[in-house]
Amino acid sequence: MSVTERTDVLVVGSGFGGSIPAYHLAAGGARVVVLERGPRLGSRDFAHDQRIGSYTRIVDLVQGDGITVVAGNCVGGSSVVYFAASLRAPSFVFERQGSLGHRLWPNALTRSTLDPWYDRVEETLPVAQQRWDQVPYPGGLFAAACERAGRTCNPVPVAVDLARCTNCNWMLNGCHFDAKRSMLLNYLPAATAAGAEVRALHEVQTIAPATSPGYRYRVAYTVLDPDDYRLSQGAGAVEAKVVVLAGGAMGTPVLLQRSAALLGGIPRAVGRYFSGNGDRVSIADVDEGKVGELLGLESSPGTPYEGFPVGKPIGSMSYDRLDADAEEFTRFSLQQIYFPGITNILAQATDRPESSWFGVEKKELRSRWRSWLSVLAMTEDDNEGRFGLPPATGSFTRVASSVGLSTLRYRPTANTLRGWKAADEEARAVLERDGLARVRPWSEVVGSLSAHPLSSCRMGDDPATSALDDRNELRGHPGLFVTDGAAVPTSLCVNPSLTIAALAERASRHIVEGAAESGVDVRYGAPAPDGSTAGRRGVLKLLNHR
Amino acid sequence: MTITASSAAAAPTGTAQGGAALGALDTVATLEAFADTMVPGEKRHRHDRAVAGAAPGPGAVHAGAVTLLQLPELGVGVLLPELAALLNTEATAWALARGHVLLPSQPPFVALDFEDRTHLAGKLLSSAGLHQKVYVLLALFSAAAFDTAAHLHTTDALDKRHPGLTWLRFPAPGTDGFWRYPTYSYGKRLAHEHPHTTAGGHPA
């Protein structure tokens, strides 16, 4: 039986992009319902376990054509499974033109205009500056290699309560110790306390015009079977005056594509210009003897390193190649990062392209697993991804537990390839110096791999190349906003979570305004979820000078 | 249908040809041969055909690849006979094109020698063909059995000295089944920071 309900604001997705507007709208007085596709889990459920069915309940591996994407799937979204590196995008990113030849970000957005919004986010999920004695072994090793090669290296700011963190390296499973600042610990409980209702296992399928007077959109969903997300246990619909789409860059454009006819058309840019954040991963097979000899390091008596499994997954990072004056597509960051064993297969062992990532030599490489060091380059890609026709339901076709097939097609352009090549060369220059390690980019058998999907429904000033205006509203569809990674116009050269959150903070006041214009009794101006007001003072000053 | 790795390991395999319906034991043997190509190991017994014996120590088969593929939560169990048949069709074509004679007592993929299995697997995994994604999944799951013991709770796998986790020297948890590293850092400054770093530690 289908049931239609009504609410002021309907939010699709509960990650960074969904939780933040949900909080502001609810705290401002609106009736808010949040529909989340994934299950609801908490720290007690987050086991240190690699068995299929444990972490695979909350994270999806989505295979496209030429790219595979890792994405969160639970209440709290990717904030539950992310690695908490929390970085502001470098200033030059906002000036990027890509291959289109014009500024891709809205003119209203620069690093300095976004900084107050970054401040607001950091007030709520405090970002810790790790001291060097808090950077785990792999980050320390990478830093020492950078120093020896004449580079700089920084401890990475992380949204982690360092006093609670046990350096267990199980962040992909969700944090058992509640040390990682996910949406489960701040915006979502605050939204709920303000009256928002969060419904897990509700997968939104279509958006259509509402039939009730005074309501704009009718959002139809199915209720998923908690044991097999391929099965449905029911269906329903909610009518709302304002809809906030935050289903992730892999979900939001697909939902809009499926709804295109119902909505009377959608902007051309929906489902185009996808970016994988230029992610590029390499594994370094580190020579323990050289670590001791060249770097003078010792993790335990007689052992220079063997620290791959230890720590927070992200420890240190080089900003050396984030030079604003350098040519576009040559800039990137290089970050030490840990990947769980599920990705081990992608490490290459030989130069033979056909079988470099499996077989005898690869098994031998695995015997030195504790001496691996992995590095992630985040480069300037060319927004070259594009979604095909949407599947009948969901945002991809689920073929197995946590595995899906997407219609996303990604063919790196010469520009993107240039950035990847430069990053590979820099990783080698740092880590292969004097035989310290042997660097191998991940196999591209699954295409590129991204944990940072962006831009599939992006903001901008040019209607031809951006689906959203600079207030995150979908062009031609008043009251329909997009606030997840899909809205971010370009790759960022750093991990995107803090920027997605800052843009969602910034959009929240526009959404409140949109709701008020739709007749909702709601006001903007809530403090941070813990009651702090410094961030609010910062942005209100900005708003009053508009 | 239930297929078991242990029975297949103990018994000689059947006589299925590429494309024909496979018996349960042929399916197991074919999947084992593919998994062994991904992470090779030593033969389990003198008559072991599925495991080619290309590398010393345990491989994906010893680590439980077939058990993993049959996990109900994975949801690919019903596809396995078809997948094995596809692999055998490819193996037959591969052998024919090269004039190799395959022993009819084995499923064709099992009958290939390790070098041929490796070359064929490389072709199937890298070609842009219709089935490439399926072969990639099969490769990922084979490796996951070895690298993560994905069919077992990790603490149980470590208790049982799972071959793959042992090979990696995967660290042991605390007594409560959770990992903690009280000692985790070199404890000193190891590099100069970038001169254009903001007060919050961000790039400018």
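All residue numbers refer to position in the chain's written sequence, counted from 1. Just so you know, chain letters begin at A and ligand numbers begin at 1, following the order they were written in. Note on the predicted model: pLDDT of at least 70 is required for a residue's local features to be given, and 80 or more for side-chain atom pairs to be given and counted; whole-chain, interface and lining totals, by contrast, use all residues. Calculation of side-chain values draws on the structure's entire complement of heavy atoms; hydrogens and water are dropped beforehand.

**Examining the pattern of salt bridges**
Residue and element names in this part refer to chain A.
Step number 1: Salt bridges, as used here, are contacts in which a Lys or Arg side-chain nitrogen is within 4 Å of a carboxyl oxygen on Asp or Glu. Throughout the structure, instances matching the rule amount to 41 salt bridges over all chains.
Step number 2: For the salt bridge of Arg103 with Glu95, the shortest nitrogen-to-oxygen distance reads 3.1 Å.
Step number 3: With a shortest N-O distance of 3.6 Å, Glu327 and Arg418 are connected by a salt bridge. Of this pair, Glu327 sits in the loop between strand E13 (314-318) and strand E14 (332-337) while Arg418 sits in helix H9 (residues 414-431), and the two are 91 residues apart along the sequence.
Step number 4: Categorising residues by exposure relies on relative accessible area from a 1.4 Å probe, with only protein chains included: less than 20% of the type maximum marks a residue as buried, more than 50% marks it as exposed, and the intermediate range marks it as partly exposed. Take Arg418: its relative accessible area is 34%, and that puts it in the partly exposed class.
Step number 5: It is possible to trace a salt-bridge network through shared partners that takes in Arg88, Arg111, Asp115, Asp119 and Glu122. Only DSSP runs of H or I with at least four residues qualify as helices, and only runs of E with at least two residues qualify as strands; both kinds are numbered from the N terminus onward.

**Considerations on the state of the cysteines**
Residue and element names in this part refer to chain A.
Step number 1: Any pair of cysteine sulfurs within 2.5 Å is marked as a disulfide. Taken as a whole and judged by the stated rule, the model has zero disulfides over all chains.
Step number 2: Lacking any disulfide linkage, Cys74 is separated from the closest cysteine sulfur, that of Cys175, by 13 Å.
Step number 3: You can call Cys74 buried: its relative accessible area is 1%.
Step number 4: Here Cys165 stays unpaired: no disulfide links it, and the sulfur of Cys168, its closest cysteine neighbor, is 6.5 Å away.

**Digging into the UniProt feature "domain: Glucose-methanol-choline oxidoreductase C-terminal" (unreviewed entry) in chain A**
Step number 1: The UniProt feature table records "domain: Glucose-methanol-choline oxidoreductase C-terminal" (unreviewed entry) at residues 449-504 of chain A.
Step number 2: Its end C-alpha atoms 25 Å apart, residues 449-504 of chain A is made of 14% helix and 9% strand. UniProt positions are given in the numbering used here, feature names are shortened, and annotations may be inferred rather than shown by experiment.

**A word on H9 of chain A**
Step number 1: What a helix is expected to span follows from its residue count: subtract one and scale by 1.5 Å. With 18 residues, H9 of chain A should cover 26 Å at 1.5 Å per step; its first-to-last C-alpha distance of 26 Å lies within 8% of that length.
Step number 2: For H9 of chain A, every residue scored as buried is listed here: Asn415, Thr416, Gly419, Trp420, Ala422, Ala423, Asp424, Glu426, Ala427, Val430 and Leu431 of chain A.

**Some remarks on the packing of helix H2 (residues 24-38) of chain B against helix H4 (residues 80-97) of chain B**
All names here are of chain B.
Step number 1: In the contact formed by H2 and H4, the axes pass within 9 Å of each other and the chain directions differ by 65 degrees. H2 and H4 meet at a crossing whose hand is left-handed. Between H2 and H4, the contacting residues are Thr27, Thr30, Leu31 and Phe34 on the first element and Leu80, Pro81, Ala84, Leu87 and Asn88 on the second.
Step number 2: Nonpolar residues are Ala, Val, Leu, Ile, Met, Phe, Trp, Tyr, Cys and Pro. Charged residues are Asp, Glu, Lys and Arg, and all others, Gly as well, are polar. Grouping the amino acids of the contact of H2 with H4 by side-chain chemistry returns six nonpolar, three polar and no charged. Here an axis means a line fitted to C-alpha atoms, over the contact stretch when the element is a helix, while the angle between two N-to-C directions is reported on a 0 to 180 degree scale. Left-handed is the label given to a crossing in which the near helix is rotated counterclockwise from the far helix by less than a right angle, and right-handed is the label when the rotation is clockwise. Whether two residues touch is decided by their heavy atoms; if any such pair falls within 4.5 Å, the residues are in contact.

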